[in-house]
Amino acid sequence: TPLGADPAWSLFAFGSVWVTLPSLGAVDRVDAVSGAVVATIPLTPPAAPVSLASDGTRLWVSDIRANTVVALDPGTNAVVGSIPMVTRPIGLAFDGSSLWVGIDSNTSPSLTRVDPLTQTVTGTVRLPSSPFVLAYDGTDLWAGSPAGNLLFRVNPGRSVVTATLPVPGGPNGLAVDGRSILVTN
């Protein structure tokens, strides 16, 4: 089975590669060995899934059209929850206890902290520009803002920005390797 149109984000978790398909309002689950699509999981319309994160139990999907973060059960490939956001959730990261959601907003860009067990919002960190990509390095949460050409380091325990770094061309992707934060632009 071919991968759906317009793949936006991918993540390896639960032995599979998960791919968001904004134009189809769905998430594809791809067998990591064969490359075959083994499941297509539609989100509740209108949907435009963008980013993915895993907490080790569930897969989390940001849906910018429905303004929600959706929980998927990897055992059943089913939607098992939905958390409303104020506006456009984009980036996602899990810090070991909380799910962090980057909120794209012209008036109040922020990071929203979510308790994945209760599926409730538990805090907010205001930022000067919208965080599109997120990564957690084991200590700090990193949030990249392509529009602001900035990278923010956030202490998740205190919910405060501890550094703001310029990134010419804007950070469009983040990854951690155990020693460094890797930034694409």
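No experiment lies behind these values; they were computed from the predicted model shown.

Undergrad: How do you make sense of the pairing of strand 6 (residues 59-63) when you look at a structure like this?
TA: Successive residues of a regular strand alternate their side chains across the two faces of the sheet. The element strand 6 is largely enclosed, with a buried count of 5 among its 5 residues. A two-sided burial pattern is seen for strand 6, the buried positions comprising L59, V61 and D63 on one face and W60 and S62 on the other. Sheet analysis places strand 5 (residues 49-54) next to strand 6, joined by 4 bridges and oriented antiparallel. If you follow A53 over to strand 6, its bridge partner there is W60. Relative to strand 7 (residues 68-73), strand 6 runs antiparallel, the two being bridged by 5 bridges. When the bridges of strand 7 are listed, V61 appears paired with V70. Hairpin connection between strand 6 and strand 7: a loop of 4 residues separates the two successive antiparallel strands, and N67 in this loop has a positive phi of roughly 55°.

Undergrad: Is there a simple way to think about the sheet that holds strand 4 (residues 37-42) in this case?
TA: Strand-to-strand pairing in sheets goes through backbone hydrogen bonds, with the strands running parallel or antiparallel. Ordered by their spatial adjacency, 4 strands build an open sheet running 1-2-3-4, and the pairing between neighbours is antiparallel. In this open sheet, the two strands that pair with only one neighbour each are strand 1 (10-13) and strand 4. For this sheet, the mean inter-axis angle between neighbouring strands, taken without regard to orientation, is 20°. With 6 bridges connecting them, strand 2 (residues 16-21) and strand 3 (residues 26-31) associate as antiparallel partners. Across the sheet, V17 pairs through a bridge with V30, a residue of strand 3.

Undergrad: Looking at this structure, how should I read the environment of N149?
TA: The topology assignment puts N149 in the loop between strand 14 (141-145) and strand 15 (150-155). Under the relative-accessibility criterion, N149 is labelled partly exposed at 33%. Counting along the chain gives 118 residues from N149 to D31, while the straight-line C-alpha distance between them is 35 Å. Ignoring anything within four residues of it in the chain, the contact list for N149 reads L165, P166, V167, G169, G170 and P171.

Definitions and limits used
Residues numbered from 1 in each chain as written. Predicted model: local features only at pLDDT ≥ 70, side-chain atom pairs only at ≥ 80, totals over all residues. Heavy atoms only, no water. Buried < 20%, exposed > 50% of the residue type's maximum accessible area, 1.4 Å probe, protein only. Helix = DSSP H or I, 4+ residues; strand = E, 2+ residues; numbered from the N terminus. Pairing = 2+ DSSP bridges. Axes fitted to C-alpha atoms, helices over the stretch in contact; angles between N-to-C directions. Contact = heavy atoms within 4.5 Å.

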